[in-house]
Amino acid sequence: MLPPAAAQPRVELELPLGAAPFDLEAAVCSHGLFMMAPNRWDPASRALLRPLRLATDRSASLLARVSRHPARPADALLVSVLGADALSPLDQDCILEQVRRMLRLSEEEGRAVAEFQAMHAAARESGFGRIFRSPTLFEDMVKCILLCNCQWTRTLAMATALCDLQLELKCSSGTGNFQLKTPPIREHKRKRSKNQNVRVKLETKFSELVSSEDPRLATAEDSRIATHTSNDLTLLETNGNLAGLPSVASEAGSACDSFEPSELSMSSSSTSFEDRIGDFPTPEELANLDEDFLAKRCNLGYRAKRIISLARCIVEGKVCTQNLEEMLKMSLPATEDAIPSTYERLDKELSTISGFGPFTRANVLMCMGFFHMIPADTETIRHLKKCHKRASTIKSVHMELHNIYGKYAPFQFLAYWFELWGFYDKQFGKISEMDPSKYGLFTASYLKKAASNR
């Protein structure tokens, strides 16, 4: 067991904030990605904790704590790296660059925030404009896969399971030794009853039918909205008003699609967060795993194949996340005329990756910094009905979104998300003050219960 955080060796780094106004709480607690492991927001100390990788050894990571600088809160962040007596300049730069990416602290992103807030007074007053993301594009890409076709509780559980697996792989000194402890798939099949084998065959067949995103969605998509079923945060059960959208609670190739909120608690264990947190796995850590093993170990269903395929493409050099982000850096300044060309080039590159349909790509590109596209799902339709009295359908949601948020181009998503996130704040209480064990309560049933209690 590690000693208490205060007694651990640590390296403290300063991260200057620049001239643009910055609110750490608003920047972190701005999207469901901050709730997904291995991220941990501490509402008491207003600090973000998570492992971050080292440049000198990509297989190693150290727990970092990001907080306001106690002496210069308006000018800098304090990044405390726990468990290290010293860090090389290369590792220090690597840690700070990961924090910059998560919080969108580049000069370009600062200008985009200022431009959006200039046209949206309420967002400016609340400090909204930065959408939290992961320290790497690969982690964003995998988490966008986890957002598809399941309840929010399961998305949280899958992310946690991947981090738990990474810790187990690390402790076992390599994937080879770890997999030897895993019973071969053939042994599992021999133990199944006849009825279970029939069920597996049916599930496999169904998984094959839906393993790629519904092609009908691509035809329903216009140049500004990508449509799919997912769980931005709250997913509503299918009802008559959402006819035309498949059930958001369905899952191909999985016998279980939800978890009790208690299963998702990150604070109920008697051990400390520092003792048991694994980092998000790298492509190298996932590429050599067996798909069936990963699907069962992390309850990923059909997503395991997509995630391992992505990891292998990166390891083999078929997909280069650095090149994708370099394409973004070479783009022209954010204007409505310039964005589509760069966006379309990146969208085309992402479309060549197995399993990356329109909705997943739109979410990945949002993480990369494109905000003119609104990834629309059943929660979007619920929001338009609740807050704008628009009875939208899969066919009409595109036009409705354009009519409501088009005036904020090229930041339509930011305007939409400001409304939606504000709605969650009102229904569930201030999100940044919630205990992490309560994140699993962001479900349709709890949303209805919260509304009825007000």
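Structure: above.
Residues numbered from 1 in each chain as written. Predicted model: local features only at pLDDT ≥ 70, side-chain atom pairs only at ≥ 80, totals over all residues. Heavy atoms only, no water.

### A few points about the overall build of the chain
The number of helices and strands found in the chain is 21 helices and seven strands. Within the chain, the fraction of its 454 residues that count as buried is 53%. Here the contacts in the chain between residues at least 6 apart in sequence split such that 72% fall between residues at least 24 apart. Summed over its atoms, the accessible surface of the chain is roughly 20500 Å², and 52% of this surface lies on carbon and sulfur atoms. (Helix = DSSP H or I, 4+ residues; strand = E, 2+ residues; numbered from the N terminus. Buried < 20%, exposed > 50% of the residue type's maximum accessible area, 1.4 Å probe, protein only. Contact = heavy atoms within 4.5 Å. Areas by Shrake-Rupley, 256 points an atom, 1.4 Å probe, with all protein chains shown as cover.)

### Thoughts on unusual backbone geometry
Note that the residue after A37, namely P38, is joined by a cis bond; omega there is 5°. With respect to the helices and strands, P38 occurs in the loop between α1 (24-28) and β2 (40-42). For the bond running from A409 to P410, omega is 5°, close enough to zero to count as cis. Along the chain, P410 falls in the loop between α19 (397-405) and α20 (412-428). Despite not being glycine, N299 has its phi angle at roughly 55°, a positive value. Positionally, N299 belongs in the loop between α13 (291-298) and α14 (303-315). For N299, a relative accessible area of 23% gives the class partly exposed.

### Here we look at the pairing of strand β5 (residues 76-82)
Of all the seven residues making up β5, seven are buried; the element is thus mostly covered by neighbouring parts of the structure. On β5, burial covers both faces: A76, L78, S80 and L82 on one face and L77, V79 and V81 on the other are all buried. Pairing analysis gives seven bridges linking strand β1 (residues 10-16) to β5, with the strands arranged antiparallel. Paired with R10 across the bridge in β5 is L82. (Pairing = 2+ DSSP bridges.)

### Thoughts on the state of the cysteines
Scanning the entire structure with this criterion turns up zero disulfides. No disulfide involves C367; its sulfur sits 4.3 Å from the nearest other cysteine sulfur, which is in C144. (Disulfide = S-S within 2.5 Å.)

### Points about the side chain of R133
Locating R133 in the fold gives a position in the loop between α4 (121-126) and α5 (137-146). Given a relative accessible area of 5%, R133 falls into the buried group. Here R101 takes part through its backbone oxygen, which lies 2.6 Å from a polar atom of the side chain of R133. In this structure the side chain of R133 is engaged in a polar contact, spanning 2.7 Å, whose partner is the backbone oxygen of C367. Residue contacts for R133: discarding those within four places in its chain leaves L33, R101, M102, R104, E109, D140, C367 and M368. (Polar contact = N/O pair within 3.5 Å; in protein donor to acceptor, adjacent residues only side chain to side chain.)

### Things to note about the nonpolar core
Core analysis: the largest hydrophobic core is formed by 114 residues, its most contacted members being F34, V79, L103 and L294. Here this core takes 10 residues from α20, the largest share from any one element. (Core = buried A, V, L, I, M, F, W, Y, C linked by side-chain atoms within 4.5 Å.)

### Details of helix α6 (residues 152-171)
Given a rise of 1.5 Å per residue, 20 residues ought to cover 28 Å, and the 29 Å separating the end C-alpha atoms of α6 matches this to within 8%. Among the 20 residues in α6, 14 count as buried, and that is most of the element. (Expected span 1.5 Å × (residues − 1).)

### Here's the deal with the pattern of salt bridges
If you walk through the whole model with that rule in mind, you get 19 salt bridges. Note that E139 is salt-bridged to K143, the shortest N-O span being 2.7 Å. Taken together, the residues E139 and K143, both in helix α5 and four residues apart, mark about one turn of the helix. Look at K143 and you get buried, because its relative accessible area is 0%. (Salt bridge = Lys/Arg side-chain N within 4 Å of Asp/Glu carboxyl O.)

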